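Chain by chain, the residues:
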Amino acid sequence: RADIIYEAVAEGGITRYLTLYLCQDAGDIAPVRSARTYFIDWLSEYNAPYAHVGGANTPGPANALGQIVDYDIMDMDQFGLGFPTYWRGTDKLAPHNVHTTTKKLWDAAEKRGFKVEVDGARWDSNFKIWPFKDDAAIDARGDQKPITVPFWTSQPDYTVTWKYDKNTNLYQRFQPQDTAQVDPLTSETLSAKNIIIQFEVERDANDGYEGGHLLYTTKGTGDALFFQDGKVTKGKWVKKDRTSRTSYIDAAGKEVKLNRGLIWIETIPAENKVDY
C-alpha cells in the first residue's frame, strides 16, 4: 500500500525499506525498524514525518539519530511514542515484531503538530513532482526478461529478481530468485509499476559499530536504470543536496516520465551489475 519504496542494504548484505504512504491506508505495517542516515537523505525530499524504532547513533557520519535532531526531521520514534501508536506482536522475535498502521501514525503526527497545512502553507506548496504518463498499450509493451538485482554478491539469498507480467504491466518480486515475496496479510505477491535502480558508491562509515554502518553517495549524480512497460531506459539520477528532489534523467537529458503506481527504488553499489 506504499506509494514509493526505497531499498538499500542496512548491514551484512540484508536490505531495509523506506516506505512512503500518502494515497492509501496500510492497515498493518511491520516490522518497523531503526533509522539509517541514507534513508534520512531520501526522506528529506518529502519533508515527511519519520516513523522508526531507534536508529544508528554511533558518533560519526552515520549517526542517524543525531541527524534527525540536527536536520529538524519530524520525528516519530517508537521510543518517544510507544503504545498504542506502536505495539509488539507475537508473530516474530524482537526486533522484528514492531507494528503500526498509517492511521495511528497520521493521528499521532497530527497531535505532534505535523500537519498537512501549517500557517496556511501546505506541505506540497513547493514540492517538485515527478512527471507521469499513461501505461503503454499492451501491444506496445516489451517482453522484459527477469531483472536480477544483486545488493551484495557475497549474500546471494538477498538478491532480488523482478519478473514482468505483460498483461498487468507489473513487475513481481522474487527473493531469493524463484521464491515469490508474498504479503502475509493479503497473500499477494509484492509488485511495482516502476523499478528504478540507482547505482551509488557504498562505503563503511568506520564508526566503530560492530557489523558496520554503511554510507551511500546519496547526493550528486550516478548511473540509473528505469524499468517500465516491459522496457528499460538507461540514464542517471541527480540530487543536488539533502533536501533537493532527486531527478531521473534519460540519455537524451530529458526527465523520465513514470507510470502511475508503486515506484520501487533500489540502491546498489556502483560497481554491481544488473542482469536484464
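Structural data are supplied above this passage.
Before going into details, it helps to say that this report is about the structure given with it. (Residues numbered from 1 in each chain as written. Predicted model: local features only at pLDDT ≥ 70, side-chain atom pairs only at ≥ 80, totals over all residues. Heavy atoms only, no water.)

## Considering the side chain of threonine 267
The cut-off we apply is this: Each helix is a run of DSSP H or I of at least 4 residues and each strand a run of E of at least 2, with the numbering of both proceeding from the N terminus. In protein, a polar contact requires one atom able to donate a hydrogen and another able to accept it; more generally it is a pair of N or O atoms within 3.5 Å, and residues adjacent in sequence count only if both atoms are side-chain atoms.
Along the chain, threonine 267 turns up in strand β21 (residues 263-269). Within the structure, the side chain of threonine 267 is placed 3.0 Å from the side chain of glutamine 198, a separation counted as a polar contact.

## Description of the sheet that holds strand β10 (residues 147-149)
Rule in force here: Strands are treated as partners if at least two bridges between them are detected by DSSP.
The strand order across the open sheet built from 4 strands is β10-β11-β12-β13, with neighbouring strands paired in antiparallel fashion. Strands at the two margins of the open sheet, each flanked by one partner only, are β10 and β13 (191-192). Where β10 and strand β11 (residues 160-165) come together, 3 bridges link them in antiparallel fashion. Paired with valine 149 across the strands is valine 160, a residue of β11.

## Looking at the sheet that holds strand β14 (residues 194-200)
The criterion, for reference: For helices, the fitted line uses only the C-alpha atoms of the stretch in contact; every axis is such a line through C-alpha atoms, and the angle between N-to-C directions lies from 0 to 180 degrees.
Spatial ordering of the open sheet is given by β2-β1-β21-β14-β17-β18-β19, a layout of 7 strands whose pairing is mixed. On the outer flanks of this sheet lie β2 (14-20) and β19 (247-250), each paired with one strand and no other. Taken pair by pair, the neighbouring strands of this sheet meet at an average axis angle of 30 degrees, ignoring direction. Across 7 bridges, β14 lies against β21 in parallel orientation. Considered in β21, the bridge of isoleucine 195 is made with tryptophan 264.

## A few points about the pattern of salt bridges
Here is the rule: Salt bridges are counted wherever a side-chain nitrogen of Lys or Arg sits within 4 Å of a carboxyl oxygen of Asp or Glu. Each residue's exposure class comes from its accessible area (1.4 Å probe, protein chains only) as a fraction of the maximum for that residue type: buried when under 20%, exposed when over 50%, partly exposed otherwise.
One pass over the full model with this rule turns up 16 salt bridges. Residue arginine 36 is joined to glutamate 11 by a salt bridge in which the shortest nitrogen-to-oxygen separation is 2.9 Å. Of this pair, arginine 36 sits in the loop between β2 and α1 (37-43) while glutamate 11 is found in strand β1 (residues 4-11), placing the two residues 25 residues apart along the sequence. The same class applies to arginine 36 as to glutamate 11, namely buried. It is possible to trace a salt-bridge network through shared partners that takes in Glu7, Arg173 and Glu266.

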